[in-house]
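Coordinate analysis (summary)
Listed below, chain by chain, are the residues.
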Amino acid sequence: MNWSFDIALKNRAILYKFLTDFALDQLNAVPKGFRNSIYWNIAHVVVTQQLLVYKLSGIPMLIDSELVDKFRKGTKPECAATQEEVNHLKTLLFSTIEQTQKDYNLGVFINYNQYTVSTQSTLTSVDEAIEFNNFHEGIHLGYILAMKNSMIS
């Protein structure tokens, strides 16, 4: 699993760069042809990781339910994020993965409630959830890169 955590942290470092390199209005913009913003996509991957790994394992999530309600699957930006929210998300990008790795290594994830994801794959263990999460985050990184390109052109 160390490889999966390494990939997750490297992807999160790329996402972090968007949060630091883009102005707040760029992070909040929903480019033509898209349903969500760069900020929404980054918050969404943090929320999804927590739902897939912690909630489905029956363990309290490391984030609050308000964040989940705003950025879970099927939501869209209801209001612009503040700089304070961006700063908080920067912290969550790494702290959630680092704590997940610690919890995994401590054997915290014992049970798992199987869940069928949008690709019609059924996750049956926390290992599968962690691996699928990397795939999911890669999809959202692709959306973010497409949004970036649409803002530049």
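First, a word on scope: everything that follows refers to the structure included in this document. (Residues numbered from 1 in each chain as written. Predicted model: local features only at pLDDT ≥ 70, side-chain atom pairs only at ≥ 80, totals over all residues. Heavy atoms only, no water.)

Thoughts on helix H3 (residues 38-53)
Relative to the 22 Å expected for 16 residues at 1.5 Å per residue, H3 spans 23 Å between its end C-alpha atoms, a close match to the ideal helical length. A large share of H3 lies buried, amounting to 16 of its 16 residues. (Helix = DSSP H or I, 4+ residues; strand = E, 2+ residues; numbered from the N terminus. Expected span 1.5 Å × (residues − 1). Buried < 20%, exposed > 50% of the residue type's maximum accessible area, 1.4 Å probe, protein only.)

Observations regarding the packing of aromatic side chains
The final tally for this structure, using the stated rule, is six aromatic pairs. Here the aromatic rings of Tyr39 and Phe71 are separated by 5.7 Å at their centres, their planes lie at 70 degrees, and the arrangement is edge-to-face. You can see Tyr39 sitting in helix H3 and its partner Phe71 sitting in helix H4 (residues 65-71), a full 32 residues away along the chain. For the pair Tyr39 and Phe71, one class covers both residues: buried. (Phe/Tyr/Trp six-rings, centres within 6.5 Å; stacked < 30°, edge-to-face > 60°.)

A look at the layout of surface pockets
Taken as a whole, the largest pocket holds about 690 Å³ of empty space. In terms of lining residues, the largest pocket is bounded by 27 residues, among which His44, Lys73, Gly74, His136 and His140 are the most central. Residue assignment for the lining of the largest pocket shows that the elements contributing at least two residues are H3, strand S1 (115-116) and helix H6 (126-152). Counting residues per element, the lining of the largest pocket draws most heavily on H6, at seven residues. In terms of residue class, the lining of the largest pocket is made up of twelve nonpolar, eleven polar and four charged. Put simply, the second largest pocket is a space of about 210 Å³. (1 Å grid on protein atoms, 1.4 Å probe; cavity = no way out; pocket = protein on both sides within 12 Å on 5 of 7 lines; lining within 4 Å. Points joined across faces, edges and corners; volume = space filled by probe spheres on them. Nonpolar A, V, L, I, M, F, W, Y, C, P; charged D, E, K, R; others polar.)

With respect to the pattern of salt bridges
One pass over the full model with this rule turns up four salt bridges. The salt bridge partner of Asp6 is Lys10, with a shortest N-O separation of 2.9 Å. With a gap of four residues between them, Asp6 and Lys10 both fall in helix H1 (residues 2-21), about one helical turn apart. Relative accessible area serves as the criterion here: at 28%, Asp6 is assigned to the partly exposed category. (Salt bridge = Lys/Arg side-chain N within 4 Å of Asp/Glu carboxyl O.)

A few points about empty space enclosed by the protein
In this approach, a probe sized like a water molecule rolls over the atoms, and the result shows the empty space that is left. Evaluated as defined, the whole model comprises one cavity of 30 Å³ or more. The wall of the largest cavity is formed by Phe5, Ala8, Gln49, Val53, Ile97, Thr100, Ile130, Asn133 and Asn134. Contributions of two or more residues to the lining of the largest cavity are made by H1, H3, helix H5 (83-105) and H6. No other element matches H6, which puts three residues into the lining of the largest cavity. In terms of residue class, the lining of the largest cavity is built from five nonpolar, four polar and no charged.

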